[in-house]
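So the chains spell out like this:
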There are 2 protein chains.
Amino acid sequence: MRTALDCIPCFARQALEAARFVSDEPAVHERVLRDVMHRVAEMDLRKSPPVVAKHIHAELRELTGVADPYREIKDRFNRLALRMLGDLERQVAKAEDPLAMAVRLAIAGNVIDLGVDGTLSEDDIRRAIDNTLHEPFVGEIEALRDAIARAERIVVLLDNVGEIVFDRLLIEQLPLDRVTAAVRGRPILNDALLADAETAGITGLVPVIDNGSDVPGTLLSDCSDAFRQAFDDADLIIAKGQGNFETLSDHPANIWFLFKAKCPVIAGHVGLPVGTHICRPGIPSDALRRT
Amino acid sequence: MRTALDCIPCFARQALEAARFVSDEPAVHERVLRDVMHRVAEMDLRKSPPVVAKHIHAELRELTGVADPYREIKDRFNRLALRMLGDLERQVAKAEDPLAMAVRLAIAGNVIDLGVDGTLSEDDIRRAIDNTLHEPFVGEIEALRDAIARAERIVVLLDNVGEIVFDRLLIEQLPLDRVTAAVRGRPILNDALLADAETAGITGLVPVIDNGSDVPGTLLSDCSDAFRQAFDDADLIIAKGQGNFETLSDHPANIWFLFKAKCPVIAGHVGLPVGTHICRPGIPSDALRRT
């Protein structure tokens, strides 16, 4: 999807939050913010928002000399999610529809996004998971179940750390011998890398590849050839998170998007209220219904 | 006061809100936003936020060819406030301390600020006035009363339309023969002009001058010689609104600021929570107390 004008104030806020997260130096904060304003003033709005985020964070890494500034908080989010895993696995196991429950929990995990809210706390995450089943949900579980049953090669595009522990619940419901999972190729925000997929126990379940890119989404032109081959070979893509939706929503492949609509621009794009938990195919479907 | 880095995302939001308020053309919205981003990327942060607002709105007027794009809503806000005036005058008259009540109501009127919230509705304004006495208030009414009693030449710097009807309640409590009121010199946002002071009935009470400037505050270097003379000759300035505080907070004159702290930057600057109604002298005073 294109970048909306409303994304621009948000880029400025994100750049400042990220700069403060990464550095204590006001001079660094100011330089990052000025640089981002220059970029944004010239940016091609046909590009998707994650492309701008990539540039913001590349600038931050260059100015601070820190290659993975979110590493510490990522480890904390992974540990938090892993502590919750046992309870959540039991919740899925005893659910009337384990796939539906796993989808709901995986979408709930999408709250762990420091791009949307740089001040997110562990309490916020716990509350989000506890409230999962009370959140508005719009999705087609039966159609997703059919798509999974028919698919021969499934690629699951993972999103953020912590969140990927919840995604493991979903992967456990898939036919494991037909699944490959994918993470980002290089550090960007709190997006998951190969090490995080190991920590979450996903590498023990299915092959995990990285996409070679540091866009917080899936910009195919920025991804490695190996990843693109896997993407092209798949007959079903399950894409987690807002960033993957922003970068792939116009792609003609058979993609199912599972995410929480976390901002008014995305919510407006899909025609649903902010906060809605969404499970929908990329190709507009009249079958979307509230459950 | 200086512009904070946190003001920068807010400038982007304000520019977009203002562009949408003034024009239905997405191309105009985009051009204004890009232009503002360029300016902001280069801006001297030692300047105060209203100086940026001046440039945003000059650009808007140029692009749209509309000299006073807020004229219609300004008239609506004035009419709304005038309909409330009779009740409010009675409220002041029967108050135990009419000056204190007039100060509270004048500060409550400061909610009418389209720079802070471009989507402000008439209901929002009514609610704000109704809740005035329940809002946190930090001020030195006795010290202000003394300053008024001692002053020989008082200049009241008015702020926004609608709000100036509430300011009239305050002016009515002052020694009218020693008071001059001042408005902005040219259209900017919903700031009050001479015509608004007439509509609010202030020109019938005291001399009203304009400051010759279109900064939504009081940037003395941008004001007319006549206004600066009146400012210099005054021994007490009563400055309404956040914009006047932002532009004059460092000035050594005997200035009393009456405003609502409407954003985290201002609130942080004065060390009080967002939403506090403030009545304080410009020179830091240990006598500030909660009432």
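Calculation rules
- Residues numbered from 1 in each chain as written.
- Chains lettered and ligands numbered in written order.
- Predicted model: local features only at pLDDT ≥ 70, side-chain atom pairs only at ≥ 80, totals over all residues.
- Heavy atoms only, no water.
- Helix = DSSP H or I, 4+ residues; strand = E, 2+ residues; numbered from the N terminus.
- Rg over C-alpha atoms; globule rule 2.2 N^0.38 Å.
- Contact = heavy atoms within 4.5 Å.
- Areas by Shrake-Rupley, 256 points an atom, 1.4 Å probe, with all protein chains shown as cover.
- Lys, Arg positive; Asp, Glu negative; His and termini not counted.
- Charge placed at Lys NZ, Arg CZ, Asp CG, Glu CD.
- Pairing = 2+ DSSP bridges.
- Axes fitted to C-alpha atoms, helices over the stretch in contact; angles between N-to-C directions.
- Domains from an automatic or database assignment.
- Buried area = accessible area lost by both parts, 1.4 Å probe.
- Salt bridge = Lys/Arg side-chain N within 4 Å of Asp/Glu carboxyl O.
- Polar contact = N/O pair within 3.5 Å; in protein donor to acceptor, adjacent residues only side chain to side chain.
- Least-squares fit on C-alpha atoms with pLDDT ≥ 70 in both.
- Buried < 20%, exposed > 50% of the residue type's maximum accessible area, 1.4 Å probe, protein only.
- Parallel < 35°, antiparallel > 145°, perpendicular 65-115°, else oblique.
- Left-handed = near helix turned anticlockwise from the far one by under 90°.
- Nonpolar A, V, L, I, M, F, W, Y, C, P; charged D, E, K, R; others polar.
- Phe/Tyr/Trp six-rings, centres within 6.5 Å; stacked < 30°, edge-to-face > 60°.
- Expected span 1.5 Å × (residues − 1).

### Section: the overall build of chain A
- The helix and strand tally for chain A stands at 12 helices and 7 strands.
- Taking 291 residues into account, the globule formula puts the C-alpha radius of gyration at 19 Å, and chain A, at 18 Å, falls close to it.
- Viewed in the frame of its principal axes, chain A has a C-alpha envelope of about 55 × 35 × 35 Å.
- Here the contacts in chain A between residues at least 6 apart in sequence split such that 72% fall between residues at least 24 apart.
- Total accessible area on chain A is roughly 11700 Å²; 49% of this is exposed by carbon and sulfur atoms.
- Computed over 34 positive and 46 negative side-chain charges, the inter-centroid distance for chain A is 2 Å.

### Examining the sheet that holds strand E5 (residues 236-240) of chain B
Residue and element names in this part refer to chain B.
- The strand order across the open sheet built from 7 strands is E1-E7-E6-E5-E2-E3-E4, with neighbouring strands paired in mixed fashion. Of all the strands in the sheet, the pair left with one neighbour each is strand E1 (137-139) and strand E4 (208-210). Sheet twist, expressed as the mean angle between neighbouring strand axes with direction ignored, is 15°.
- Note that strand E6 (residues 255-260) and strand E7 (residues 277-281) share 5 bridges and pair antiparallel. If you follow lysine 260 over to E7, its bridge partner there is histidine 277.
- Packing against the sheet, helix H5 (residues 98-108) makes contact with E1, E5, E6 and E7, and its axis sits at approximately 115° to E7.

### Considerations on the domain arrangement of chain A
All names here are of chain A.
- Domain boundaries assigned for chain A yield domain 1 (7-64) and domain 2 (71-281).
- A separation of 25 Å is found between the C-alpha centroids of domain 1 and domain 2.
- Of the residues lining the interface, 13 residues belong to domain 1; the matching set on domain 2 comes to 20 residues.
- Carbon and sulfur atoms supply 62% of the area buried between domain 1 and domain 2, which totals about 1200 Å² over both sides.
- Among the residues of domain 1 in contact with domain 2, Phe21, Pro50 and Lys54 are the three that bury the most area, contributing 40% of the side total.
- Put simply, domain 1 and domain 2 have 3 salt bridges between them.
- The shortest N-O distance in the salt bridge between aspartate 214 and lysine 54 comes to 2.8 Å.
- Viewed at the interface, domain 2 and domain 1 are joined by 4 residue pairs in polar contact (both at pLDDT 80 or more).
- Residue assignment for the side of domain 1 that touches domain 2 shows that the elements contributing at least two residues are helix H1 (7-22) and helix H3 (49-64).

### Description of the relation of the copies chain B and chain A
- Superposition of chain B onto chain A requires a rotation of 180° combined with a translation of 0.0 Å along the rotation axis, giving an RMSD of 0.0 Å. Here the copies are linked by what is in effect a two-fold axis.
- Comparing interface residues between copies, 100% of those in chain B also sit at the interface in chain A, which points to an isologous, same-surface contact.

### What about the pairing of strand E7 (residues 277-281) of chain A?
Residue and element names in this part refer to chain A.
- Most of E7 sits out of view: 5 of its 5 residues are buried.
- Pairing analysis gives 3 bridges linking strand E1 (residues 137-139) to E7, with the strands arranged parallel. What sits directly across from phenylalanine 137, in E7, is histidine 277.

### Considering the sheet that holds strand E2 (residues 154-157) of chain A
Residues and elements named next belong to chain A.
- Strand order in the open sheet formed by 7 strands is E1-E7-E6-E5-E2-E3-E4, with mixed pairing between adjacent strands. A single partner strand is all that each edge strand has here, and the edge strands are E1 and strand E4 (208-210). When the angles between neighbouring strand axes are averaged without regard to direction, this sheet yields 15°.
- Strand contacts of helix H5 (residues 98-108): E1, strand E5 (236-240), strand E6 (255-260) and E7, with the helix running at about 115° to E7, the strand carrying the most contacts.

### Some details on the packing of helix H4 (residues 71-93) of chain A against helix H8 (residues 163-171) of chain A
All names here are of chain A.
- Interaxial distance between H4 and H8 falls to 8 Å at its minimum, and their mutual angle equals 25°. Taken together, H4 and H8 sit at an angle that is classed as roughly parallel. As for how H4 packs across H8, the hand of that crossing is right-handed. Within the contact between the two elements, H4 uses Asn78, Ala81, Leu82, Met84, Leu85, Leu88, Glu89 and Val92 and H8 uses Ile164, Val165, Phe166, Arg168 and Leu169.
- Of the residues assigned to the contact of H4 with H8, the class counts are 10 nonpolar, 1 polar and 2 charged.

### Quick look at the interface of chain B and chain A
- Residue-level contacts link 20 residues of chain B with 20 residues of chain A.
- Here chain B packs against chain A, burying approximately 1800 Å² in sum over the two surfaces, 64% of which is carbon and sulfur.
- Summed over the three residues of chain B that lose the most area to chain A, namely Leu5, Arg34 and Ala41 of chain B, the buried surface amounts to 31% of that side.
- Seen at the junction of chain B and chain A, the total is 2 salt bridges.
- With a closest N to O distance of 2.8 Å, aspartate 6 of chain B and arginine 20 of chain A form a salt bridge.
- At the junction of chain B and chain A, the tally comes to 8 residue pairs in polar contact (both at pLDDT 80 or more).
- Looking at the side of chain B that touches chain A, the element that brings in the most residues is helix H2 (residues 26-42) of chain B, giving 10 residues.
- Across the side of chain B that touches chain A, the residue classes break down as 12 nonpolar, 2 polar and 6 charged.

### Let's talk about the side chain of aspartate 167 of chain B
All names here are of chain B.
- Relative to the helices and strands, aspartate 167 resides in helix H8 (residues 163-171).
- Judged by its relative accessible area of 1%, aspartate 167 is buried.
- A polar side-chain atom of aspartate 167 sits 2.3 Å from a polar atom in the side chain of lysine 240.
- Each residue touching aspartate 167, except ones within four places of it in the same chain, is listed here: Ala106, Leu158, Asp159 and Lys240.

### Overview of the packing of aromatic side chains
All names here are of chain A.
- Counted according to the given criterion, the structure contains 8 aromatic pairs over all chains.
- Summarising the aromatic geometry, the rings of phenylalanine 21 and tyrosine 70 are spaced 4.6 Å apart at their centres and angled 10° between planes, so their arrangement reads as stacked. One end of the pair, phenylalanine 21, is in helix H1; the other, tyrosine 70, is in the loop between H3 and H4, with 49 residues separating them in the sequence.
- Members of the aromatic cluster, connected to one another through ring pairs, are Phe245, Phe257 and Phe259.

### Digging into H2 of chain B
- End to end, H2 of chain B covers 25 Å across 17 residues, agreeing with the expected 24 Å (1.5 Å per residue, within 8%).
- Among all positions of H2 of chain B, only Val28, His29, Val32, Leu33, Arg34, Val36, Met37, Val40 and Ala41 of chain B are buried.
- On its buried side, H2 of chain B packs onto H1 and helix H2 (26-42) of chain A together with helix H1 (7-22) and helix H3 (49-64) of chain B.

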